Amino acid sequence: MFRGIDEVDWASLRHADGSAEDVPGLLRGLASADPAERETALDGMYGAVHHRGDVYDATLACVPFLLALAVREDVRDRAGVVELLVSIGGADGASPGLTDRVRAALRARAEVFVRLAGDADPRVRRAVLPALVRYVVPPARALALLRERIAVERDDRVLVGLAEALGLFARWYGAVGDPRAAGAVRVLTELSGPPYGPGLRLAAVGQLAACAPRELPEDLVPTVVRLLRDRSTQRTRAGRPSGCSGADTLAVRLRRLRPSDEEGSRLLRTLHHGLGDRVADRVALLCGQLTSPDPLDRCNAVWMAAGLFRERRGAHPEPVVLIGAQVGAEEGRLHDAAVAVLLELSELAAPAAGPLHALVRQRPEWRVRYGRRGVPALGGPLRALAGTGDARAVPVLAEVLAGPVVPDDLGLVIPGLGQAAAPLAPALRRHLARVPLDGPGARQRAVPLVTALAALGDTASVPSVLRLLRGTPDGPGGPVVEAAVRALAAFGTAAQEAVPELRALLDTDCAVTAAEALWSVTGEPGAVLPALLRALTDTGSGPQRRAAAADVLARLGPAAAPALPGLLPLTGSAETVERVSAVCAVWRVTGDGEPVSSVLRSAWAEEPRTRAAIAGCVAALGPAGTSLHDLLRAELASPRRHRADAGGQGIRADLALIRLCREALAGALPGRGGLVP
């Protein structure tokens, strides 16, 4: 199987890490009798010749040897090799010509894939199915092969893979108007009904949702929920995947992160993706999943709900309530999933605040958790409760603050509670006063506390913040100084005693932040304009710093007119963030949006991450910003979030954008009580 491998000039070929001299060793490692060596070799192949889904000239040189490995029955873990081949052929790399050559090489050896479709190993049979669609020609033969395999296949997982391959066939050939796509749809329609098993029927329904939604059953949600529960009764819990060694490789780590019912997760994910804009059906389906007697089905539903909330706007309280009901589950994976998703939902998790509050009251040991190094952090349920904005989190946080162990990150949840957390200010202030300025972990302890006190507008903490500012060895550009200066800016005129320190920072790396704080405290433009002009015109300061300076100048309004010669060139910057900040500043300084509003329109469409800054500018302009109100109205009417980042960032950013759009429109319509037309 390695005949000719030493005749290839691997040193002259390249992969993601440079020279491909190591590739022969990786290929031989795939045939090793040692499971750990096989895992390491497969990990290395993905990291080198198929890094991030790309292909290289070394990838093309590997194809014959990977095909030879795939057909040798004495090679273990051949399914992993076949998956690698299928993935390589599906790459959309930076070199289209090379990608075409890789696909041509695989198409020329299509008979290998036909042979593997009848392999004795069901994992190999499943892994090879996408290759039948992509590389077997003509299409009629590929479709006939899939039909034949359905007739003889007995393994449920391979049957699900066949449904997925039929869906791929229908989408590929349907996109170019090939009538044979209809044949695949007909087979899927047959598979979606009796007498086929629930797993195969669910797979077929999911594929129909993506390629032929008109063929879906009218009673879609009840049908899917029933099939899901039938499948649950038939499923036995699978053990650790065979060949999953203890080696700490990327492939092994990815397997450990997979849900315990990976197939069920994929089936439902496919269906949700196919349903797309049918949000009402998706919500109803989630509610059906979340009330399943099987905790694995409920766990899958929790993650499906996260996907829906990331993509689509709307409160959807019904599934949130049902997710909240899972936080007390004895099944650890289900509890962890529910808490993680509620954390991500932030204020949208408010319908689940009751179960979260009950949990942190009944299980005080869950209020603080300890990481691998024994560092305390606020427990997930309490963080999620605080993230909803529910005032019931405040007494619990007060108990934690009064306890022997106060997590460093506690202060980070305070801003989400707003003024409901004001009773915590004295305790937060005391903890800040006790932070040793030169001790280990000073930054981790101080920054969240300062952030919390700034969010509360606790002017009584000015002396403690000044102590931090005067005594920290962090340096002017460090996070402790930055956090302290931002807090002083939030305190405004109540921070008059900080003026000397703020003036001293105008000649440091913290100049822009200090200028913003000094303006908030004194309201004197002459004190801050020189520092802001230096930051604006300093070519070595970087686009982010220049954008920050432009943002502060925008707050000054007409008083920043001397900065216009420095701002105007930045309105044509290649950096979108810098360009938007400069344009907004020019508009707010001059009051004339005619020359610059087109730039903001372009940025709004091209870079969604700038929308909050633009909406904030329009809100600050009041009636003068009406020329961009159509963008804000269209945004509020859109069912999709402008960002779909995981981890909660996208949801929080989108909720903030919605608030800004509403404020801007309400501000231009006095007397409307904040209502958007």
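Residues numbered from 1 in each chain as written. Predicted model: local features only at pLDDT ≥ 70, side-chain atom pairs only at ≥ 80, totals over all residues. Heavy atoms only, no water.

Student: Give a detailed account of the overall build of the chain, specifying residues and quantitative values.
Tutor: Secondary structure assignment for the chain yields 36 helices and 4 strands. Principal-axis analysis of the C-alpha atoms places the extent of the chain at approximately 80 × 60 × 55 Å. Long-range pairs, those at least 24 residues apart, make up 64% of the contacts in the chain between residues at least 6 apart in sequence. Summed over all atoms, the accessible surface of the chain reaches about 29500 Å², with 53% contributed by carbon and sulfur. Taken as two groups, the 80 positive and 75 negative side-chain charges of the chain have centres that lie 3 Å from each other. (Helix = DSSP H or I, 4+ residues; strand = E, 2+ residues; numbered from the N terminus. Contact = heavy atoms within 4.5 Å. Areas by Shrake-Rupley, 256 points an atom, 1.4 Å probe, with all protein chains shown as cover. Lys, Arg positive; Asp, Glu negative; His and termini not counted. Charge placed at Lys NZ, Arg CZ, Asp CG, Glu CD.)

Student: With reference to specific residues and values, describe helix 10 (residues 180-191).
Tutor: Here helix 10 contains 12 residues, and its C-alpha end-to-end distance of 17 Å stays within 8% of the 16 Å for a straight helix at 1.5 Å per residue. Residues Ala181, Gly183, Ala184, Val185, Val187, Leu188 and Leu191 constitute the buried set of helix 10. Against helix 8 (139-152), helix 9 (156-175) and helix 11 (198-211) lie the buried residues of helix 10. (Expected span 1.5 Å × (residues − 1). Buried < 20%, exposed > 50% of the residue type's maximum accessible area, 1.4 Å probe, protein only.)

Student: Please give an account of the packing of helix 28 (residues 511-522) against helix 30 (residues 543-556) that cites residues and values.
Tutor: If you want to describe how two helices pack, look at the angle between their axes and the distance between the axes. One can describe the packing of helix 28 onto helix 30 by two numbers: an axis separation of 9 Å at closest approach and a directional angle of 10°. When the axes of helix 28 and helix 30 are compared, the pair comes out roughly parallel. Two secondary-structure elements touch here, helix 28 through Ala511, Val512, Glu516, Trp519 and Ser520 and helix 30 through Arg545, Ala548, Ala549, Val552, Arg555 and Leu556. The class makeup of the residues in the contact of helix 28 with helix 30 is 7 nonpolar, 1 polar and 3 charged. (Axes fitted to C-alpha atoms, helices over the stretch in contact; angles between N-to-C directions. Parallel < 35°, antiparallel > 145°, perpendicular 65-115°, else oblique. Nonpolar A, V, L, I, M, F, W, Y, C, P; charged D, E, K, R; others polar.)

Student: Please set out the confidence of the model for the chain residue by residue, giving values where relevant.
Tutor: In the predicted model, the chain carries a mean pLDDT of 91, and 95% of its residues have values of at least 70. For the stretch residues 250-258, pLDDT sits under 50, and the model shows 17 contacts to residues farther than four places along the chain or on other chains. (pLDDT = per-residue confidence, 0-100.)

Student: Go over the nonpolar core, please, and point to the residues and values.
Tutor: The biggest cluster of nonpolar side chains holds 229 residues, and the ones touching the most others in it are Trp10, Leu27, Leu66, Leu342, Leu397, Ile414 and Leu428. Once residues lying within four places of it in the same chain are set aside, the contact partners of leucine 342 are Val320, Ile323, Gly324, Val327, Ala349, Ala352, Leu356 and Ala384. (Core = buried A, V, L, I, M, F, W, Y, C linked by side-chain atoms within 4.5 Å.)

Student: So what's going on with the side chain of glutamate 578? Residues and values would help.
Tutor: Within the secondary structure, glutamate 578 sits in helix 32 (residues 576-590). Engagement of the side chain of glutamate 578 in a polar contact is seen with the side chain of arginine 546, the distance being 2.4 Å. Contact partners of glutamate 578, with chain neighbours within four places excluded, come to Pro543, Arg546, Ala547, Leu570 and Ser573. (Polar contact = N/O pair within 3.5 Å; in protein donor to acceptor, adjacent residues only side chain to side chain.)

Student: Tell me about the side chain of serine 597, and name the residues and values.
Tutor: Along the chain, serine 597 falls in helix 33 (residues 597-606). When its relative accessible area of 14% is taken as the criterion, serine 597 is described as buried.

Student: Tell me about the packing of aromatic side chains, and name the residues and values.
Tutor: All chains considered together, the criterion is met by 3 aromatic pairs. Measuring from ring centre to ring centre gives 6.2 Å for tryptophan 10 and phenylalanine 65, while their planes differ by 50°; the resulting arrangement is tilted. Remark: phenylalanine 65 occurs in helix 3 (residues 57-71) and tryptophan 10 occurs in the segment before strand 1 (14-15); sequence separation between them is 55 residues. Ring geometry for phenylalanine 113 against tyrosine 135: centres 5.5 Å apart, planes inclined by 35°, an arrangement best described as tilted. Remark: tyrosine 135 occurs in helix 7 (residues 122-135) and phenylalanine 113 occurs in helix 6 (residues 110-116); sequence separation between them is 22 residues. Each of the two residues, phenylalanine 113 as well as tyrosine 135, counts as buried. One Lys or Arg, arginine 28, reaches over the ring of phenylalanine 2 and ends 5.9 Å from the middle of that ring. (Phe/Tyr/Trp six-rings, centres within 6.5 Å; stacked < 30°, edge-to-face > 60°. Lys NZ or Arg CZ within 6 Å of the ring centre and 35° of its normal.)

Student: Please give an account of the pattern of salt bridges that cites residues and values.
Tutor: Using the criterion set out here, one finds 37 salt bridges in the structure. With its nearest N and O atoms 2.6 Å apart, the salt bridge here joins arginine 38 to aspartate 77. Linking arginine 38 in helix 2 (residues 35-48) with aspartate 77 in the loop between helix 3 and helix 4 (78-89), this pair joins segments that are 39 residues apart in sequence. By relative accessible area, which is 6% here, arginine 38 ends up buried. One salt bridge connects aspartate 119 with arginine 78, and the closest N-O pair in it is separated by 2.8 Å. A residue pair is termed long-range when its members are at least 10 positions apart, and aspartate 119 in the loop between helix 6 and helix 7 and arginine 78 in helix 4 qualify at 41 residues. (Salt bridge = Lys/Arg side-chain N within 4 Å of Asp/Glu carboxyl O.)

Student: So, a negative patch on the surface: which residues are in play, and what are the values?
Tutor: Judged by side-chain charge, Asp9, Asp17, Glu21 and Asp22 come together as a negatively charged surface patch. The residue aspartate 22 is located in the loop between strand 2 (18-19) and helix 1 (23-30) in this model. The partly exposed category is assigned to aspartate 22, whose relative accessible area is 37%. (Patch = residues over 30% accessible without salt bridge, like charges linked within 9 Å, V, L, I, M, F, W, Y side chains within 5 Å.)

Student: Go over the environment of aspartate 92 with me, naming the residues and quoting the values.
Tutor: As for its placement among the helices and strands, aspartate 92 is situated in the loop between helix 4 and helix 5 (96-108). Those residues in contact with aspartate 92 that lie beyond four places of it in its chain are Gly53 and Arg103.

Student: How would you sum up the packing of helix 25 (residues 462-471) against helix 26 (residues 479-491)? Please name residues and give values.
Tutor: Direction vectors running N to C along helix 25 and helix 26 enclose 150°, while the axes themselves pass 9 Å from each other. By the angle between their directions, the pair helix 25 and helix 26 is classed as roughly antiparallel. The interaxial crossing formed by helix 25 with helix 26 has left-handed handedness. Residue-level inspection shows Val462, Val465, Leu468 and Leu469 of helix 25 in contact with helix 26, the latter providing Val480, Val481, Ala484, Val485, Ala487, Leu488 and Phe491. Of the residues in the contact of helix 25 with helix 26, the class split is 11 nonpolar, no polar and no charged. (Left-handed = near helix turned anticlockwise from the far one by under 90°.)

Student: How would you sum up helix 35 (residues 629-637)? Please name residues and give values.
Tutor: When we look at burial in helix 35, the residues that qualify are His629, Leu631, Leu632 and Glu635. Seen along its axis, helix 35 keeps its buried residues to an arc of 155°; they face one direction. Looking at the buried positions of helix 35, the neighbouring elements they touch are helix 33, helix 34 (611-621) and helix 36 (649-667). (Arc of directions from axis to C-beta.)

Student: Outline unusual backbone geometry, listing residues and values.
Tutor: Note that the residue after valine 137, namely proline 138, is joined by a cis bond; omega there is -5°. Relative to the assigned elements, proline 138 resides in the loop between helix 7 and helix 8. Backbone torsion omega between proline 194 and proline 195 reads 10°, so that peptide bond is classified as cis. Note on placement: proline 195 falls in the loop between helix 10 and helix 11. Residue arginine 52 is not a glycine yet carries a positive backbone phi of 55°. For arginine 52, the location among the structural elements is in the loop between helix 2 and helix 3. For histidine 316, which is not a glycine, the phi torsion comes out positive at approximately 45°. Relative to the helices and strands, histidine 316 is located in the loop between helix 16 (295-311) and helix 17 (317-324). By relative accessible area, which is 15% here, histidine 316 ends up buried.

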